[in-house]
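# Coordinate analysis (summary)
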Amino acid sequence: MKLKTLLLRLLLSVISLVVFNEFIVYYIVLLKCQWPSKPVSVNGLEPVSVMLLADTHLLGPVRGHWFDKLRREWQMHRAFQSAMTLFQPEAVFILGDVFDEGNWVNQKEFDNYVDRYRKLFHTPRGVALHSIVGNHDIGFHYATRPNLVQRFGDQFNNTGVSLISLRGVNFVAINSIAMEGDGCYLCEKAEKELKTIESIFKCGRGIGQCKDVPKLEEYSRPIVLQHFPMYRESDKECQEHDSPHVDLYRERWEVLSKESTDLIGDLLNPRLAFSGHSHHYCHMLKNRLQIEEYTLPSFSWRNKQNPSFLLTSGASRQFAMRLIILDTAEYVGEWSAKYVMKRINDFKPGPDRFFTLGLPTGSTPLGMYRHLIKFHQQGRISFKYVKTFNMDEYVDLPRDHPESYHYFMWHNFFKHIDIDPENVHILDGNAPDLVAECDAFEAKIKAAGGIELFIGGIGPDGHIAFNEPGSSLASRTRVKTLAQDTLEANARFFGNDISKVPKQALTVGVATVMDAREVMIMIIGTHKAFALYKAIEEGVNHMWTVSAFQQHPHTIMICDEDATLELRVKTVKYFKGLMDVHSKLIEDDVPK
């Protein structure tokens, strides 16, 4: 009797251990994970919750021992299904190398692969599973064949470039093997698909001929999903990484080529990228395209002792680039002032929470400053907890000179509001070390937590601040020698005596403004019309530095009717048709 009891207890203990180790332990480990903070909804669209993993590498008949295959696949299956139960994502993306020997097996073995994959990674009804192709699925570029591409495409409908939109969040899945750029059938097809998606995004912003172009539910800068990481030299460039050793990466082998990376950036203007392939985790705050990128580690226990996946939740960044067209320059100044007032008041600044504001000089923002002064006098806004950073200043011009930007700002704005002088930051063109002054200015912006809203005007040649044509779009605050055209244009402020115009200035760079969380550009007058056309309807070009803000996730351009003369009629009609949406950005009494 005692023996039977002992054996029964032993059996129960074994069963309990099996149940715990093969079922319960996955839930205990995964309970440490959680979704990131939930973003706010955009235009009533709730954020999208997505799970991403990479490199499942289901073992094949050549290199996969049956017991190893059984054990590894069971671990992936239980981890994945436990995650499905706990987190209930709306969509799942697997970033390539679904199979380990997909490029080697025959059709019968491939069908078996697909059947196992669908059972292991089964998702509940309503949860879409998107499988992106990798080199182990169809081979590297030099080794792939049309039949390998065809059979993967038949099962997963993804062997080129595809657009997947979920409630205004746009994902672009890219076949890394097709990014060789050599004109082969696969690459030519993928580049054509990239350009088609580029047209869809442009039309989503009201740009181009859109008669036969599919319509987006909501435009937002896309999120790129692919197997190969964007070009980088090694994981040393990662903010975080778990690679045990760091080797230099080879283009077209471990990472995409520079050319293919740049092509994706030029055509899609993405805001975020996810990749796999390296089997190691890497987080880059700014990759080659100056966007955030996550490279996910392998989900296969054979490749990684600590496999993992990523949970992300995001909403449409519908803001993208707005163009607000108002009747007159006076209305532009009033609308801009109301928007600045609302942004500051909604921010609720205080002693431990300052609102940081980038400010311009010149004739364009004068109307805005007059209205802000009026709103302050009416008690509708306070600048007590606002820090300002001005765009530029002349070199070797006394601060009390009527044309210095110190004089301009204090005379036209600062002395009329309740801002603390210590919170006003204007570059010192008389500093003994101008380069150090520029570096210190960048450091002050960083110490303030970055710029919340940067406001600028532009010149007829599309320059912003003193970033004249030809300025680097990656430029920072620096000393700038002014072009002859600028000297001649500014001579009118110095009694038409060009010899009195300062030959140098200190200016923030294009990248300094791009770092702001939001940018607002004011454009007034017929003489700015061609610059607005270049900024809105053509691509990014360092000869028209304002065009860089097409790539900013939160840009507002505000212009008067005169400044639209070079725009296409369809572009003007499109943005005017959005005025009801734009009106919600400020108070109800928007000028018509």
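Residues numbered from 1 in each chain as written. Predicted model: local features only at pLDDT ≥ 70, side-chain atom pairs only at ≥ 80, totals over all residues. Heavy atoms only, no water.

One pass over the full model with this rule turns up 2 disulfides. In this model Cys203 forms its disulfide with Cys210; the gap between the sulfur atoms is 2.1 Å. Residues Cys203 and Cys210 share a disulfide whose torsion about the S-S bond is about -95 degrees; that sign makes it left-handed. The pair Cys203 / Cys210 is uniform in exposure class, with both members buried. For Cys238, the disulfide goes to Cys282, at an S-S distance of 2.0 Å. In this structure the cystine formed by Cys238 and Cys282 twists about its S-S bond by roughly -100 degrees; its chirality is therefore left-handed. With a gap of 44 residues between them, Cys238 in the loop between strand S6 (223-226) and strand S7 (240-241) and Cys282 in strand S9 (residues 282-284) connect regions that are remote in the sequence. (Disulfide = S-S within 2.5 Å. Buried < 20%, exposed > 50% of the residue type's maximum accessible area, 1.4 Å probe, protein only. Helix = DSSP H or I, 4+ residues; strand = E, 2+ residues; numbered from the N terminus.)

A separate point is the sheet that holds S9. Spatial strand order, S4-S5-S6-S8-S10-S9-S7: 7 strands in an open sheet with mixed pairing. A strand with exactly one partner marks an edge of an open sheet, and here the two such strands are strand S4 (161-166) and S7. Taken together, the 3 bridges between S6 and strand S8 (residues 272-275) define a ladder with parallel strand orientation. Residue Leu225 lies in a different strand from S8, and its bridge partner there is Phe274. In this fold helix H6 (residues 185-204) packs onto S4 and strand S5 (169-174), with an angle of close to 30 degrees to the strand it touches most, S4. (Pairing = 2+ DSSP bridges. Contact = heavy atoms within 4.5 Å. Axes fitted to C-alpha atoms, helices over the stretch in contact; angles between N-to-C directions.)

The UniProt feature table records "domain: Glucosamine/galactosamine-6-phosphate isomerase" (unreviewed entry) at residues 337-550. Its end C-alpha atoms 23 Å apart, residues 337-550 is made of 31% helix and 15% strand. (UniProt positions renumbered as here; feature names shortened; annotations may be inferred.)

Glancing now at the packing of aromatic side chains. Two measures describe an aromatic ring pair: the distance that separates the ring centres and the angle between the ring planes. Counted under the stated rule, the structure contains 36 aromatic pairs. With a centroid separation of 5.6 Å and an interplanar angle of 15 degrees, the aromatic rings of Phe274 and Tyr294 are classed as stacked. One end of the pair, Phe274, is in strand S8; the other, Tyr294, is in strand S10 (residues 292-295), with 20 residues separating them in the sequence. Looking at Phe274, the relative accessible area reads 3%, which means it is buried. (Phe/Tyr/Trp six-rings, centres within 6.5 Å; stacked < 30°, edge-to-face > 60°.)

So, on to the packing of helix H8 (residues 329-347) against helix H9 (residues 366-377). In the contact formed by H8 and H9, the axes pass within 7 Å of each other and the chain directions differ by 50 degrees. It follows that H8 is oblique to H9 by the angle criterion. The chirality of how H8 crosses H9 is right-handed. Between H8 and H9, the contacting residues are Glu330, Gly333, Glu334, Ser336, Ala337, Lys338, Val340 and Met341 on the first element and Gly367, Met368, Arg370, His371, Leu372 and Phe375 on the second. (Parallel < 35°, antiparallel > 145°, perpendicular 65-115°, else oblique. Left-handed = near helix turned anticlockwise from the far one by under 90°.)

Turning our attention to the sheet that holds strand S3 (residues 128-132). The strand order across the open sheet formed by 4 strands is S3-S2-S1-S11, and the pairing between neighbours is mixed. For this open sheet the edge positions go to S3 and strand S11 (310-314), each flanked by a neighbour on one side alone. Taken pair by pair, the neighbouring strands of this sheet meet at an average axis angle of 20 degrees, ignoring direction. The sheet contact formed by strand S1 (residues 48-53) and strand S2 (residues 91-95) spans 4 bridges and is parallel. Counterpart to Leu53 in the pairing with S2 is Ile94.

Tallied over the full model, the rule gives 28 salt bridges. For Glu73, the salt bridge identified is with Arg116, shortest N-O distance 2.1 Å. Of this pair, Glu73 sits in helix H2 (residues 66-87) while Arg116 sits in helix H3 (residues 107-120), and the two are 43 residues apart along the sequence. Assessed through its relative accessible area of 16%, Arg116 is described here as buried. Beyond isolated ion pairs, a larger network of salt bridges with shared partners links Lys286, Glu442, Arg476 and Asp515. (Salt bridge = Lys/Arg side-chain N within 4 Å of Asp/Glu carboxyl O.)

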